[in-house]
Amino acid sequence: MSKATLTAVFIAFLLTSSGAKPNGKNKKPKQAVPAIECDMRAGKINLSEFIVKCPANCRETKEKVYGTGVFASISSICNAAIHSGVITNSGGKVIVTKMAGQMIYKGSFANGVRSLSLPNRRESFSVSGVHRPETGTIIRRQPHVSSSSAFSRVQPQSERKQHTAQSNPAFARRDWPHPAYTRPDWFSGTRRPTDSSQSVPNTGSKWSRMSTGDPAALDPRPDNTEYEYQLYNFGQYSPAPEHKPPSETSSPVPEVLSQGDSNCKVDIAFLMDGSWSIGKRRFEIQKDFLVGVSQVINVGVAGPMMGIIQYGDDPVTEFSLKHFSSSIDLTPAISKIVQKGGLSNVGKALSYINKHFFSDANGNRGGAPNVAVVLVDGWPTDEVEEASRLARESGINIFFVTIEGPDENEKQNVVETNFVDKAVCRTNGFFSFPIMSWFALRKAVQPLVKRVCDTDRLVCSKTCLNANDIAFVIDGSSSVGTGNFRTVLQFVANVTQEFEISDTDTRVGIVQYTYEQRLEFAFGQYNNKADLLNAIKRINYWSGGTSTGAAITFAADQLFSKSKPNKRKIMIVITDGRSYDDVRAPALAVHRKGVIAYSIGIAWAAQDELEYIATDPDRDHSFFVDEFDNLYKYVPKIIHNICNEFNSQPRN
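Below or above, wherever it landed, is the structure these notes cover. (Residues numbered from 1 in each chain as written. Predicted model: local features only at pLDDT ≥ 70, side-chain atom pairs only at ≥ 80, totals over all residues. Heavy atoms only, no water.)

Now for the layout of surface pockets. Quantified by volume, the second largest pocket comes out at close to 1200 Å³. What lines the second largest pocket is a set of 46 residues, among which Cys460, Ser461, Lys462, Thr463 and Asn466 lie closest to the centre. Of all the secondary structure elements, the ones that give two or more residues to the lining of the second largest pocket are β9 (118–119), α7 (385–393) and α16 (635–648). The element best represented in the lining of the second largest pocket is α16, accounting for three residues. Residue composition of the lining of the second largest pocket, grouped by class: 12 nonpolar, 21 polar and 13 charged. (1 Å grid on protein atoms, 1.4 Å probe; cavity = no way out; pocket = protein on both sides within 12 Å on 5 of 7 lines; lining within 4 Å. Points joined across faces, edges and corners; volume = space filled by probe spheres on them. Helix = DSSP H or I, 4+ residues; strand = E, 2+ residues; numbered from the N terminus. Nonpolar A, V, L, I, M, F, W, Y, C, P; charged D, E, K, R; others polar.)

In structure tokens:
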């Protein structure tokens, strides 16, 4: 812990020991803690209510935040304040109010900060702004808006990645035989010249494949002109010097409002390679590839939304998720993107999308998985592992499309070996596309779209609350009785209430049993929470004997046999007595199929049977209550255990 942090904690302790009551009835002023660091957690300051001053640039730190609105005490105060909109990344004063712990803290993305989900903590806190005494208005600063650097337009390129320290010949563009890929320069109205008399120095990095020129020599535009959004309008194109880029606060109105493909509801960012190593013609092929993807994926407000970032030395947003709501609008926008140039700094680009791109302000929808597709010509010129890990932890599903990877004699120049395996969500091949030649890039359009739309396999966007198929197996025998059966249904509803319910999130099915079994409803029959809770409420009590073993087998056949791939299979058996048949063999069979089984016994339930049914260890999966009215006490425990088990499993 840093010196400033220790000082803050020590002074807070002295203030607490002095008997001050900042939140008491005497309305004393809130106690102020000296300036803190970005990583200060609320639980480290032993005051019930206090004021702190956050420094600038806390959003760039790695300190985590848990919850939305109400945060777990292990969260960073300053990042929680930015997430809530109380302060901006410029820092400022914040009022912190402690409160009781929550059963569940749900994560979200807001104001450039990704908060995470977390089960039960003993203490929470909220944040609010500091008010001016004379006006009562919250003191806030306007967010800083930075402009991107001007484009570099010199286009040097080696014929086949060959360059030595002894010679420095002029670079010719890589040749591409198809005339369709030779397009006029969008700014000048003419083709870019290939001046063989102009020699360009080597950068010293990615040395065999790239070089840089002097952008001021050929670029007529003034320095520091903001081109974070590409310069285009619909219809007639205006040359760059007279054209003004849209401001960051403007929201272009799309000409066509498309519903899109509802089976592919994802928020997807394409990171296109704008480095000099790619060459002008290959850059045009890359744009054609993105046009093809946008048309196949069928962009629309009820389906996929698509944005593009171009990276070189630094990343810039060409357009965000909210700018275009149809594939028709995307095509001309993509065609007018101009190559940025520079190195291939993929790691920096991944950090950029994690911190800035997937935000509510940029059109992130929250309920749609976040996907980032990185196109790389050859290899990155910086490290990607750490930036990728942070992005994955934020729920971003990373795909890599690598074209013409390094040859044997070029591998010595790769900054980070096995960079794809280190970057993607899983190293099983699903998230990586190695393309041997630029000629073959167009063939990857359909396979890529198929994968990014497969929401069940987008593992990085899954949480303990949205990744399950849950089967409730409910005892409806005569010993339960109508009143107690309604109590069981209320317990089932209370557990269900905590999950995110949809066809692509958690799904719930229910079996009621006596001597016989009845499928009350199957997985996916009710795909929103309101309909599901109403369906649970409408279940009628059956009455009869108790054959728990047969009910488990029935649930395996009728529910889990139809479970989706990569869903966590969870079975919760609720019974009030000993079964008339054997439960061991059916329970063992579902365990072997990967089902996580919980057993809840009431009153006369047999302890040995509960342990046979439950997945090991029994203490985490088997529970007993002496009467039905005490079932509610186990709702938070079950949710906590489901989340703990999910979070302990490696997913990346």
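Next up on the list: the pattern of salt bridges. Scanning the entire structure with this criterion turns up 11 salt bridges. For Asp267, the salt bridge is made with Arg365, and the minimal N-O distance between the two is 2.7 Å. Of the two residues, Asp267 sits in strand β11 (residues 267–273) while Arg365 sits in the loop between α6 (346–357) and β14 (370–377), which places them 98 residues apart along the sequence. Using a relative accessible area of 27% as the deciding quantity, one classes Arg365 as partly exposed. A salt bridge links Asp608 to Arg578; its shortest N-O distance comes to 3.2 Å. (Salt bridge = Lys/Arg side-chain N within 4 Å of Asp/Glu carboxyl O. Buried < 20%, exposed > 50% of the residue type's maximum accessible area, 1.4 Å probe, protein only.)

Taken in spatial order, the six strands line up as β1-β2-β5-β10-β4-β3 in an open sheet, and their pairing is mixed. Edge strands, defined here as strands with exactly one partner in the open sheet, are β1 (31–32) and β3 (67–68). Helix α2 (residues 77–84) rests against β2 (49–54), β3, β4 (70–72), β5 (92–100) and β10 (123–129) of the sheet, and its axis sits at about 55 degrees to β10. (Pairing = 2+ DSSP bridges. Contact = heavy atoms within 4.5 Å. Axes fitted to C-alpha atoms, helices over the stretch in contact; angles between N-to-C directions.)

Counted under the stated rule, the structure contains 12 aromatic pairs. Relative to Phe358, the ring of Phe357 lies with its centre 5.2 Å away and its plane at 90 degrees, an arrangement referred to as edge-to-face. Across the pair, exposure class does not vary: Phe357 and Phe358 are buried alike. Relative to Phe430, the ring of Phe399 lies with its centre 5.9 Å away and its plane at 55 degrees, an arrangement referred to as tilted. Taken together, the residues span a long stretch of sequence, with Phe399 in strand β15 (residues 396–403) and Phe430 in the loop between α8 (419–423) and β16 (432–435) at a distance of 31 residues. Of the two residues, Phe399 and Phe430, both sit in the buried class. By way of ring pairs, the aromatic residues Phe399, Phe430 and Phe431 are connected into one cluster. In this structure, Arg518 packs its charged tip against the face of Trp542, placed 4.7 Å from the ring centre. The ring of Tyr612 has Arg584 lying over it, and the distance from NZ or CZ to the ring centre is 5.4 Å. (Phe/Tyr/Trp six-rings, centres within 6.5 Å; stacked < 30°, edge-to-face > 60°. Lys NZ or Arg CZ within 6 Å of the ring centre and 35° of its normal.)

Sheet architecture is open: six strands sit in the order β13-β12-β11-β14-β15-β16, paired in mixed fashion. Where the open sheet ends on each side, the last strands, each with one partner, are β13 (315–319) and β16. Neighbour to neighbour, the strand axes of the sheet diverge by 20 degrees on average, direction disregarded. Both β11 and β14 contribute to a ladder of five bridges, which runs parallel. Bridge pairing links Ala269 to Ala372 in β14.

Residue Pro617 follows Asp616 across a cis peptide bond; omega there is -5 degrees. Note on placement: Pro617 falls in the loop between α14 (607–613) and α15 (618–621). One non-glycine residue, Asn298, lies in positive phi territory at about 60 degrees. With respect to the element layout, Asn298 can be found in the loop between α4 (280–297) and β12 (305–311). Residue classification places Asn298 among the partly exposed residues on the basis of a relative accessible area of 33%. One non-glycine residue, Asn418, lies in positive phi territory at about 55 degrees. Looking at the element boundaries, Asn418 is found in the loop between β15 and α8.

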